[in-house]
Amino acid sequence: MSLKGMGIKEKVRLAKGFADYYNKPSNPRKVKILDSTLREGEQGSGVYFSIGQRVQIAWLLDYFGVDAVEISPIISKEHEESTKRIMKAGLKAKIVSHLRALPKDIDVALRCDSRYIALYHSVSDLHLNYKLRVNREQAIERMVKAIDYAKSHGLELRITMEDASRADPEFLIRACKAVEEAKADRISIPDTVGVMKPSGMYSLIRMVKDKVKVPIDVHCHNDLGLALANSLAGYEAGADQIHVTVNGIGERVGITSLDELVMALKILYGLELNVRYEMLRELSETIAHYAKMDLQNSKPLVGENAYRHKAGTHIAAVIRNPQAYEIIPPSIIGNRRKIIFGELSGKNGAAFLMKILGLEPNPDLAIKLAQGLKNLRIGDLFEIELSQELESEALKVDSVMEKGVV
Ligand code: HCA
Ligand code: CU
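Although it is not a glycine, Lys-292 sits at a positive phi angle of roughly 55 degrees. Mapped onto the secondary structure, Lys-292 falls in the loop between helix H11 (280–290) and strand E9 (308–309). Of the residues examined, Lys-292 reaches a relative accessible area of 61% and is grouped as exposed. A positive phi angle is found at Leu-301, which is not glycine, with a value near 65 degrees. With respect to the element layout, Leu-301 can be found in the loop between H11 and E9. Given the relative accessible area of 13%, Leu-301 is considered buried.

What follows deals with the sheet that holds strand E8 (residues 241–244). The sheet built from eight strands closes into a barrel, its strands ordered E1-E2-E3-E4-E5-E6-E7-E8 with parallel pairing. The sheet shows a mean angle of 25 degrees between the axes of neighbouring strands, taken without regard to direction.

Within the protein, the atoms that donate to the copper ion (ligand 2) are Glu-40 (OE), His-219 (NE2) and His-221 (NE2), at distances of 2.0 to 2.1 Å. Considered as a linear motif, the donors of the copper ion (ligand 2) on their single chain read E-x178-H-x1-H. Of this pair, Glu-40 sits in the loop between strand E1 (32–35) and helix H2 (51–64) while His-221 sits in the loop between strand E7 (216–220) and helix H9 (227–236), and the two are 181 residues apart along the sequence. In terms of burial, Glu-40 and His-221 fall into one category: buried.

Attention now moves to the packing of H9 against helix H10 (residues 258–269). Contact geometry of H9 with H10 gives a least axis separation of 11 Å together with a crossing angle of 55 degrees. As summarised for this structure, H9 and H10 are arranged oblique, according to the angle between their axes. Crossing hand, H9 versus H10: right-handed. Contact with H9, carried on its side by Leu-228, Ser-231, Leu-232, Tyr-235 and Glu-236, involves Glu-260, Leu-261, Ala-264, Leu-265, Leu-268 and Tyr-269 of H10 and no other residues of that element.

Turning our eyes to something else, we now look at the packing of helix H12 (residues 312–320) against helix H13 (residues 346–356). Running from N to C, H12 and H13 point in directions that differ by 60 degrees, and their axes come no closer than 6 Å. The orientation of H12 with respect to H13, classified from their angle, is oblique. From H12, Gly-312, Ile-315, Ala-316, Ile-319 and Arg-320 reach across to H13, where they touch Gly-346, Asn-348, Gly-349 and Phe-352.

Moving on: helix H3 (residues 77–88). With twelve residues, H3 ought to run about 16 Å at 1.5 Å a step, and its terminal C-alpha atoms sit 17 Å apart, in line with that. Those residues of H3 not exposed but buried are His-79, Glu-80, Ser-82, Thr-83 and Ile-86. Within H3, the buried residues cover an arc of 160 degrees as seen down the axis, which keeps them to one side. Of the residues in H3, the exposed ones pointing more than 90 degrees away from the buried face are Lys-77 and Lys-88. Tucked into the core, H3 has its buried residues touching H2, strand E2 (68–71), strand E3 (94–100) and helix H4 (103–111). Gly-90 occupies a position one or two residues after H3 and carries a positive phi of about 65 degrees.

Quick notes on the rules
- Numbers given for residues are sequential positions, taken from 1 along each chain in its written order.
- Key to labels: chains lettered from A, ligands numbered from 1, both in the order written.
- Predicted model: local features are reported for residues with pLDDT of at least 70 only, side-chain atom pairs are reported and counted for 80 or more only, and whole-chain, interface and lining totals are derived from all residues.
- Here the side-chain values reflect all heavy atoms present in the structure, with hydrogen atoms and water set aside.
- Runs of H or I in DSSP of at least four residues are treated as helices and runs of E of at least two as strands, each being numbered from the N terminus.
- Only protein chains enter the accessibility calculation, which uses a 1.4 Å probe. A residue is then buried if its area is under 20% of the maximum for its type, exposed if over 50%, and partly exposed in between.
- One requirement defines pairing of two strands: DSSP has to find at least two bridges between them.
- To obtain an axis, a line is fitted to C-alpha atoms, over the contacting stretch when the element is a helix, and the angle between two such axes runs from 0 to 180 degrees between their N-to-C directions.
- Coordination shells were defined by N, O and S atoms within 2.8 Å of each metal, extended to 3.2 Å for Na, K and Ca; water is absent from the atom set, which can make sites look incomplete.
- These descriptions rest on fixed angle ranges, namely under 35 degrees for roughly parallel, over 145 for roughly antiparallel, 65 to 115 for roughly perpendicular, and the rest for oblique.
- Working rule for handedness: look at the near helix, and if it is turned counterclockwise from the far one by less than a right angle, call the crossing left-handed; if clockwise, right-handed.
- Whether two residues are in contact is decided by their heavy atoms, any of which lying within 4.5 Å being enough.
- What a helix is expected to span follows from its residue count: subtract one and scale by 1.5 Å.
- Note that the arc is computed from the directions linking the helix axis to the C-beta atoms.

Here it is as structure tokens:
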């Protein structure tokens, strides 16, 4: 339908609808961030941290400002030792010991001086039948028994309903109510195999929140590339804490990435967390290095490509106003803006290149240089970092070029 044929009501509705795409809530709801790089992250293939690295990572995450750091002391003596040392470091973040819902695991956490634990137990029939070989009643019994044991030692705790997204919803709610009654302090609702769509995650969290009062965590796996979207859906549905790892590392293809989550909350919801955003790129680099992984160039926000500008039309716009092709300045997250010179540079890129090389501004020559770069037929030639100094040089160049692009 064309705008012309529309009534006023329709136009208002449409205008509001458009606004809804962009509007941020004026008072975004706070949410906590739990980082599980030391637990879920170490379940990523090839990832193994030394004791010293674990302590350093916990310290870095705490300094960055996450609310909780999760670790698994039960994996080995080294993990137990790492947990002990992290507990002694006196960090602000809650240190969460991730354990099976078994008294013997809780004993390990107690040996580490843990104050906060997370007990996990599956709730889907698939897991109950094939992984744990217990029936539904036994599952609830085991969860409650483990909670009672932990509580008798004065521990605070979260209980994880593993594979919640594939569980029978009625049983899931029954289990949630039972653990609430047993005095669990929070419940994690994970999408353990990453099969949820965002609207499904939203409904799942709403359903649980309607039935229990305990704060809810979401933990979304990325098997379909939807971990971030599902975490945001969980947030919209009222989740109180979201699980992440640095670079999204974890079992199989991992979970929600720390940088993407905190930036999406900031950019899309206007939620300013009390974190040091400027550490994001460094955190990603450090963890990639320790995990012996490459930090993918194409990784959103912190990857090398996130702030590389290549096409001449883009370069021309970016040197006038980077917002033309950037959602947030790179310095906010500790990344850098770069300009790629080559066959796509165009006359504006070429003029900028001439300036950097100390040549006099000359629009005709810039056009010839742009053509020359194309004629080389080798694609990208090289890149430079667009520092603030260079940016102001670029603007001077811009003023001698004709207005407009291409
Ligand atoms: C696991 C299970 C878990 C637990 C999540 C949580 C999952 O790998 O052992 O404790 O919130 O994805 O279900 O990571
Ligand atoms: Cu997981």
